[in-house]
Amino acid sequence: MIYRRCGKSGIELPVVSLGLWHNFGDVDKYSVARGMLLKAFDNGICHFDLANNYGPSPGSAEKTFGRVLNEDLASHRDELFISSKAGHEMWSGVYGGNSSRKNLIASCNASLKRTGLEYFDVFYSHRYDGVTPIEETMQALIDIVRSGKALYAGISKYPPKEQALAYEILKEAKVPCLVSQYRYSMFDRGAAAENFPLAVRAGSGITVFSPLAQGLLTDKYLNGIPSDSRAAKSTGFLKPDQVTEEKVAKARMLNEIAAGRGQTLSQMALSWILKDDWVTSVIIGASSEEQLAANLAVIESPAFSEEELSRIDEILAKSF
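Residues numbered from 1 in each chain as written. Predicted model: local features only at pLDDT ≥ 70, side-chain atom pairs only at ≥ 80, totals over all residues. Heavy atoms only, no water.

### Re the packing of aromatic side chains
Which entries qualify depends on this criterion: By convention, a stacked pair of Phe, Tyr or Trp rings (six-membered ring in the case of Trp) has centres within 6.5 Å and planes under 30 degrees apart, an edge-to-face pair has planes over 60 apart, and any other such pair is tilted. Put simply, DSSP marks the helices as runs of H or I at least four residues long and the strands as runs of E at least two long, and each gets a number from the N terminus on. Accessible area is worked out with a 1.4 Å probe on protein chains only. A residue is then buried under 20% of its type maximum, exposed over 50%, and partly exposed in between.
A complete count under the given rule lists eight aromatic pairs for this structure. Measuring from ring centre to ring centre gives 5.6 Å for F48 and F65, while their planes differ by 45°; the resulting arrangement is tilted. With a gap of 17 residues between them, F48 in strand 4 (residues 47-49) and F65 in helix 2 (residues 60-73) connect regions that are remote in the sequence. Overall, F48 belongs to the buried group, its relative accessible area being 0%.

Written out as structure tokens, the structure reads:
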């Protein structure tokens, strides 16, 4: 495994981290989830990314992780860097999910109970909800850290204006933002324009999620929507109407470049993200140990040539 410094801190994260958004809840076999977690750890992945609502059902991914931690990894706790978050809906109704102090502190307590942990290595505000004052949300994170329930604070998906204010408040309290998390992939490059530069200037590390665009940057959808894919599942985040002809056409062309590099499309998509040093870690999902192993091969990927990068940019800019 390769590790990168997380912003201006003493923390290093593996360039590949494992996210437990899907496939670790109560809809899949525990033995499969356990196998993936142990294989990840055995291959140098020490960063596991959770949130209170991960599952499905909400909370079940934290319970699964807590069980594996208790049964297999408890003696390795100090080698693990475990994150969780709060801010998205856990249940319908009042206090079910926002960026308020009540939601973040209550959610952190509940997440610690589900995982069986005494503290998280980093706890995130999962989103800016558009209503709660940033000062209230950041003070909740500050108090979570000062109470010992998390070692570091993080933010996820904050718009640039609110992102900058969050950094300022946390810095003033001497609880700087360790890490900022954003969606980023070949098909979704928006965060690189403003969010990433703001994070770098503030000394925050950057982790990215959905690096394979929910599977669109794999060979899975090159010839339609398979019955066992995310787009075919009612619990999947990717919807059939998002598998557009334009994206499939681009994926096919990108797949040809990947083949010429001796990579799968997914491996090249991860390599493309990690070519930039400002990305501390890319958070991958997995549905099997085999898929996990294939994505881990990215740490041995060849460097991109200028011709390859130019061709990739041309493909991504195309309109059909």
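### Considering the pattern of salt bridges
Basically, it comes down to this: Should a side-chain nitrogen of Lys or Arg be within 4 Å of a carboxyl oxygen of Asp or Glu, the pair is scored as a salt bridge.
Scanning the model with the defined rule gives twelve salt bridges in all. Of the charged contacts, one joins K85 and D49 as a salt bridge, the two residues approaching to 2.7 Å between their closest N and O atoms. A residue pair is termed long-range when its members are at least 10 positions apart, and K85 in strand 5 (residues 81-86) and D49 in strand 4 qualify at 36 residues. Assessed through its relative accessible area of 0%, K85 is described here as buried. Among the residues examined, D49 registers a relative accessible area of 2% and is labelled buried. Note that R114 is salt-bridged to E62, the shortest N-O span being 2.8 Å. Placement of R114 in helix 3 (residues 101-115) and of E62 in helix 2 is noted, with a sequence separation of 52 residues between them.

### Details of helix 1 (residues 30-42)
Note the following rule: To estimate how far a helix should reach, multiply one less than its number of residues by 1.5 Å.
Spanning 13 residues, helix 1 covers 18 Å between terminal C-alpha atoms, matching the ideal 18 Å at 1.5 Å per step. Within helix 1, the full set of buried residues consists of A33, G35, M36, L37, L38, A40 and F41.

### Thoughts on the nonpolar core
This is how the line gets drawn: What we call a nonpolar core is a set of buried Ala, Val, Leu, Ile, Met, Phe, Trp, Tyr and Cys residues that are connected through their side-chain atoms within 4.5 Å. Contact criterion: two residues are considered in contact whenever any of their non-hydrogen atoms come within 4.5 Å of each other.
Formed by 91 residues in total, the largest nonpolar core has its most connected members in L18, F48 and L254. Beyond its immediate stretch of four places on either side in the chain, L254 contacts M186, F187, L217, L265, M268, I312, I315 and L316.

### Comments concerning the environment of L165
Tracing the backbone shows L165 in helix 5 (residues 160-172). Residue L165 is classed as partly exposed on the basis of its relative accessible area, which comes to 30%. Sequence separation between L165 and M138 is 27 residues, and the spatial gap between their C-alpha atoms is 9.5 Å. If we ignore the near neighbours within four places in the chain, the residues touching L165 are I134 and E135.

### With respect to the pairing of strand 8 (residues 177-183)
How we decide: Pairing between two strands requires that DSSP report at least two bridges joining them. Crossover handedness is defined by viewing with both strands directed away from the observer: a clockwise path from the first strand over the helix to the second marks the crossover as right-handed.
When you tally the buried positions in strand 8, you get six out of seven residues, the bulk of the element. Bridge count between strand 7 (residues 150-156) and strand 8: four bridges; the pairing is parallel. Bridging across to strand 8, A153 finds its partner in C177. In terms of handedness, the path from strand 7 via helix 5 over to strand 8 forms a crossover that is right-handed. Looking at chain direction, strand 8 and strand 9 (residues 205-209) are connected through five bridges and run parallel. Counterpart to R183 in the pairing with strand 9 is F209. In terms of handedness, the path from strand 8 via helix 6 (residues 195-202) over to strand 9 forms a crossover that is right-handed.

### Considerations on the pairing of strand 3 (residues 16-19)
A two-sided burial pattern is seen for strand 3, the buried positions comprising V16 and L18 on one face and S17 and G19 on the other. Pairing of strand 3 with strand 10 (residues 281-284) involves three bridges; the strand directions are parallel. In the strand pairing of strand 10, L18 is matched with I284. Sheet topology note: the strand 3/strand 4 ladder contains two bridges and is parallel. Bridge pairing in strand 4 places L18 opposite F48. For the crossover that starts at strand 3, traverses helix 1 and ends in the parallel strand 4, the hand is right-handed.

### Examining the environment of D49
In this structure the C-alpha to C-alpha distance between D49 and L18, which are 31 residues apart in sequence, comes to 6.2 Å. Setting aside anything within four residues of it in sequence, one finds D49 in contact with L18, G19, L20, Y54, S83, K85, Y124, Q181 and I283.

### Focus on the side chain of Q214
With respect to the helices, strands and loops of the structure, Q214 is situated in the loop between strand 9 and helix 7 (245-260). With a relative accessible area of 9%, Q214 lands in the buried category.

### Examining the sheet that holds strand 8
We count it as follows: For helices, the fitted line uses only the C-alpha atoms of the stretch in contact; every axis is such a line through C-alpha atoms, and the angle between N-to-C directions lies from 0 to 180 degrees.
Pairing within the closed barrel is parallel, and its eight strands lie in the order 3-4-5-6-7-8-9-10. Here the average twist between neighbouring strands, direction ignored, is 30°. As paired strands, strand 4 and strand 5 are joined by three bridges and run parallel to one another. Paired with F48 across the bridge in strand 5 is I82.

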